[in-house]
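These are the residues of each chain, in order.
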Amino acid sequence: MTTAPATLLLARHGQTVWHAENRYAGVSDIALTEEGRRQAEQLGAWAARNGVDAVWTSTVGRAVATARPACEALGLTPRREHDLRECDFGEVEGRTLAEFAAEQPERAREYRADPVAHPFPGAEDPRAAAARGTAALRRIAAGHPGQRVLVVAHNTLLRLVLCELLSIPPGSYRRVLPRLLNAAVSEVRLGPGGAALLSLNVPCALSS
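Conventions and cut-offs
Residues numbered from 1 in each chain as written. Predicted model: local features only at pLDDT ≥ 70, side-chain atom pairs only at ≥ 80, totals over all residues. Heavy atoms only, no water. Helix = DSSP H or I, 4+ residues; strand = E, 2+ residues; numbered from the N terminus. Buried < 20%, exposed > 50% of the residue type's maximum accessible area, 1.4 Å probe, protein only. Contact = heavy atoms within 4.5 Å. Axes fitted to C-alpha atoms, helices over the stretch in contact; angles between N-to-C directions. Parallel < 35°, antiparallel > 145°, perpendicular 65-115°, else oblique. Nonpolar A, V, L, I, M, F, W, Y, C, P; charged D, E, K, R; others polar. Pairing = 2+ DSSP bridges. Phe/Tyr/Trp six-rings, centres within 6.5 Å; stacked < 30°, edge-to-face > 60°. Salt bridge = Lys/Arg side-chain N within 4 Å of Asp/Glu carboxyl O.

A. Main features of the side chain of Thr16. Within the element layout of this structure, Thr16 appears in the loop between β1 (6-12) and α1 (34-50). Among the residues examined, Thr16 registers a relative accessible area of 3% and is labelled buried. Setting aside chain neighbours within four positions, we find Thr16 in contact with Ile30, Ala31, Leu32, Thr33 and Arg62.

B. Focus on the packing of helix α5 (residues 126-143) against helix α6 (residues 155-165). Running from amino to carboxyl end, α5 crosses α6 at an angle of 75°, the nearest separation of the two axes being 8 Å. Classed by the angle they form, the pair α5 and α6 counts as roughly perpendicular. For the pair α5 and α6, the contacting residues are Pro126, Ala129, Ala130, Arg132, Gly133, Thr134, Leu137 and Arg138 in the first and Leu157, Leu160, Val161, Glu164 and Leu165 in the second. Taken together, the residues that form the contact of α5 with α6 break down as eight nonpolar, two polar and three charged.

C. Region of interest: the pairing of strand β5 (residues 185-191). Of all seven residues in β5, five are buried; the element is thus mostly enclosed. Across six bridges, β1 lies against β5 in antiparallel orientation. Pairing of Leu9 across the sheet is with Glu187, part of β5. Where β5 meets strand β6 (residues 194-202), six bridges bridge the pair, whose relative direction is antiparallel. Bridged to Val185 within β6 is Val202. Taken together, β5 and the strand that follows it, β6, pair antiparallel across an intervening segment of two residues.

D. Main features of the environment of Pro203. Relative to the elements of secondary structure, Pro203 occurs in the segment after β6. Along the chain, Pro203 and Thr66 lie 137 residues apart, while their C-alpha atoms are 14 Å from each other.

E. Just the packing of aromatic side chains, in detail. What the rule picks out here adds up to five aromatic pairs. On the basis of an interplanar angle of 75° and a centroid distance of 5.1 Å, the ring pair of Tyr24 and Phe120 is categorised as edge-to-face. Here Tyr24, found in the loop between β1 and α1, pairs with Phe120, found in the loop between α4 (105-113) and α5; they are 96 residues apart in sequence, far enough to count as distant. The exposure class assigned to Tyr24 is buried, which follows from its relative accessible area of 14%. Overall, the relative accessible area of 4% leaves Phe120 in the buried class. An aromatic cluster is built from Tyr24, Phe89, Phe100, Tyr111 and Phe120, whose rings are joined through pairwise contacts.

F. Examining the environment of Leu76 more closely. Mapped onto the fold, Leu76 is located in the loop between α2 (61-74) and β3 (79-80). Judged by relative accessible area, Leu76 falls into the partly exposed class, the value being 24%. The residues touching Leu76, leaving out its near neighbours within four places in the chain, are Val52, Asp53, Ala54, Val55 and Cys71.

G. Fine view of the pattern of salt bridges. A complete count under the given rule lists eleven salt bridges for this structure. Close ionic contact of Arg85 with Asp83 constitutes a salt bridge, the shortest N to O distance being 3.5 Å. Ionic pairing is found between Arg139 and Asp83, a salt bridge with its closest N-O pair at 3.3 Å. Pair noted here: Arg139 is in helix α5 and Asp83 is in the loop between β3 and α3 (97-103), with a separation of 56 residues, a long-range link. Assessed through its relative accessible area of 44%, Arg139 is described here as partly exposed. The exposure class of Asp83 is partly exposed, given its relative accessible area of 23%. Sharing partners across several salt bridges, the network here consists of Glu81, Asp83, Arg85 and Arg139.

Encoded structure:
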């Protein structure tokens, strides 16, 4: 008997206080802005309109806070998965790429060319991050066959995982998937037969 695939609704957390300057947050626990909290409310309303059976989130505070309105709207208890945490950006945590480039222009050039082959100094291996994140999504999908699951996580981690699931070379993730919008939803069908991307970066806010 074939297990029905799960539909994973992947959402990046809401805006944080480091977004205005495009600073790498990574494993740093940075709070949502007022706009980020508004985005979380919009995601919650979207989840209530579109039917969600379960909510999973990374263990990082900004993701947990973004998932909270959806859980309240749906009457669900959020489940946390540490392997969905953002990548550790090492020496560039809390800094911008421009600041890093001013100090280490050659390392920044190599990073821009292939961020997987040339990660930031002291950073988590992007391949390892992709592997843990992909394994986490496969576990979640296996536990929710035929269901719709909201998964709130992080920009770089989710882009690496999407490349892994869709057989895209991981070193091109910044070019192929330039940015996941805050609190937007990307829909993936995931089961024993593999993964299919059904939508990418769909905003949750109702049009005026």
